[in-house]
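Residues per chain are reported as follows:
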Amino acid sequence: MTFRSEFSYETRPVRVVFRPGAAVTATPGEAARLGLRRLLVVCGSRGEAVARAVADALGDACAGVHAEARMHVPVEDADRAVAAVRAAGADGCVAVGGGSAIGLGKAIALRTGLPLIAVPSTYSGSEMTPVWGLTDHGTKRTGRDPVVQPRSVVYDPRLTLSLPVPLTVTSGVNALAHAVEALYAPDTSPLVSVMAEEGVRAMAEALPRLAADPQNLDARSRALYAAWLCGSCLGSTTMGLHHKLCHVLGGTYGLPHAQTHTVVLPHALAHNAPAAPQALTVLCRALDTDNAPRALWDLAARLGAPRSLAELGLRESDLAPAADRVAGEPYANPREVTAEGVRSVLRAAYDGGPPVTP
Ligand code: NAD
């Protein structure tokens, strides 16, 4: 394989602590290191019990718990959370939960500049990126700003023991999608390639073990380690067609995030494959296959994940306007983005058959 001899790579100051039990045992120390004394803990309604345990561990350094995170961060939720931060006189936030809770923490950081500590409970990888997302009147906007990058990330594999198998699988594939697109991003680099390959290998190995035995802490640790690597890849590169498609399907059509990534990924990769031979070489090595899109489709199907956008509730009449929307905005992708190309990826994902490489 040709060595990529021209690249740039930027790293941001983030401290990562990884150990079982760390949510409660490490978060107070991370807050102290950052000099924070009044932290608002943000989470979703389903994650409140764990967030309360983190809040209790923070003791006097906890300024309250705000349990209102929802998927795709509607702007009105961000407004309310910023008001809660100000009312509590907080000097920082701790987001406990999946990408939705961390997304709300990032929205607060974006508006106030306050530092964020992330305690992730899914494999979404948001904790390792400076990417924020906000949804306003059915349109999801995303942007990059170093101020939203969590300053400290506390990975606790025990938190993920309660993730139901279906969400374990789809969230794991969400992580794989970050690695896939990072490998063919215009700003990819040798370090990203190493992290992506290791992340894909570790996640693909952990998911079948977790589907068979969700309480296996060793497999949980391996999947969370993979999520860290894949999230780091996303944080260092520019997203392409796959992520753009998923943002539109989530933000405008209300489709669930991780499930949508799982359905779309094999088809988006098959579409881009002819223009990304180096990425395919790495992915095939990591997945031990000669057909990476098919291997991803097989993995998800074998583990019982949804296969089609139809199953996720998209209507056939949504396909054309969604494709026009995705094709209408400029972004980096190895293959030229055309309305026809996007329509074919969407149609294949809607039908849910095996991916076809052109
Ligand atoms: P999520 O945070 O919405 O969680 C999904 C569901 O699982 C929720 O009901 C939640 O309460 C529950 N849950 C979370 N952890 C659990 C656990 N350990 N046990 C039991 N239930 C648990 O979903 P997600 O897929 O993690 O995140 C999706 C959101 O994150 C989207 O809005 C997406 O755009 C965003 N995201 C952002 C980035 C980024 O870099 N900015 C990256 C990935 C995802």
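So, how was this worked out
Residues numbered from 1 in each chain as written. Predicted model: local features only at pLDDT ≥ 70, side-chain atom pairs only at ≥ 80, totals over all residues. Heavy atoms only, no water. UniProt positions renumbered as here; feature names shortened; annotations may be inferred. Helix = DSSP H or I, 4+ residues; strand = E, 2+ residues; numbered from the N terminus. Pairing = 2+ DSSP bridges. Near = heavy atom within 4 Å. Polar contact = N/O pair within 3.5 Å; in protein donor to acceptor, adjacent residues only side chain to side chain. Areas by Shrake-Rupley, 256 points an atom, 1.4 Å probe, with all protein chains shown as cover. Domains from an automatic or database assignment. Disulfide = S-S within 2.5 Å. Buried < 20%, exposed > 50% of the residue type's maximum accessible area, 1.4 Å probe, protein only. Contact = heavy atoms within 4.5 Å.

- Where an unreviewed UniProt entry is consulted, the protein appears under the name Maleylacetate reductase, with the organism given as Streptomyces chartreusis NRRL 3882.
- Per UniProt, the protein carries the Sequence similarities (unreviewed entry) text "Belongs to the iron-containing alcohol dehydrogenase family."

## Observations concerning the UniProt feature "domain: Fe-containing alcohol dehydrogenase-like C-terminal" (unreviewed entry) in the protein
Stage number 1. Mapped onto the present numbering, the UniProt feature "domain: Fe-containing alcohol dehydrogenase-like C-terminal" (unreviewed entry) falls on residues 168-350.
Stage number 2. Taken as a whole, residues 168-350 contains 70% helix and 0% strand, while its terminal C-alpha atoms sit 22 Å from one another.

## A closer look at the pairing of strand 7 (residues 139-144)
Stage number 1. Looking at chain direction, strand 6 (residues 131-136) and strand 7 are connected through six bridges and run antiparallel. When the bridges of strand 7 are listed, Gly133 appears paired with Thr142.
Stage number 2. Following strand 6, the chain reverses through two residues before pairing antiparallel with strand 7; His137 in that reversal takes a positive phi of roughly 50°.

## What about the site of the ligand?
Stage number 1. Around the ligand there are 20 residues in total, and Ser100, Ser121, Thr122, Thr129 and Lys140 lie nearest to it.
Stage number 2. A distance of 2.6 Å separates an oxygen atom of the ligand from a polar side-chain atom of Thr129.
Stage number 3. Protein chains shield 84% of the accessible area of the ligand, which is 860 Å² for the free molecule.
Stage number 4. Looking at which domains feed residues into the shell around the ligand, each of domain 1 (15-160) and domain 2 (164-351) gives three or more.

## Quick look at the state of the cysteines
Stage number 1. Tallying each qualifying case throughout the model produces zero disulfides.
Stage number 2. No disulfide involves Cys43; its nearest neighbouring cysteine sulfur is the one of Cys62, lying 10 Å away.
Stage number 3. Sulfur of Cys93: no disulfide; nearest cysteine sulfur belongs to Cys62 and is 11 Å away.
Stage number 4. What makes Cys93 buried here is its relative accessible area of 1%.

## Some words on the side chain of Ser232
Stage number 1. Position of Ser232 among the secondary structure elements: in helix 8 (residues 217-236).
Stage number 2. Ignoring sequence-local partners within four residues, the contact set of Ser232 consists of Met128 and Met195.

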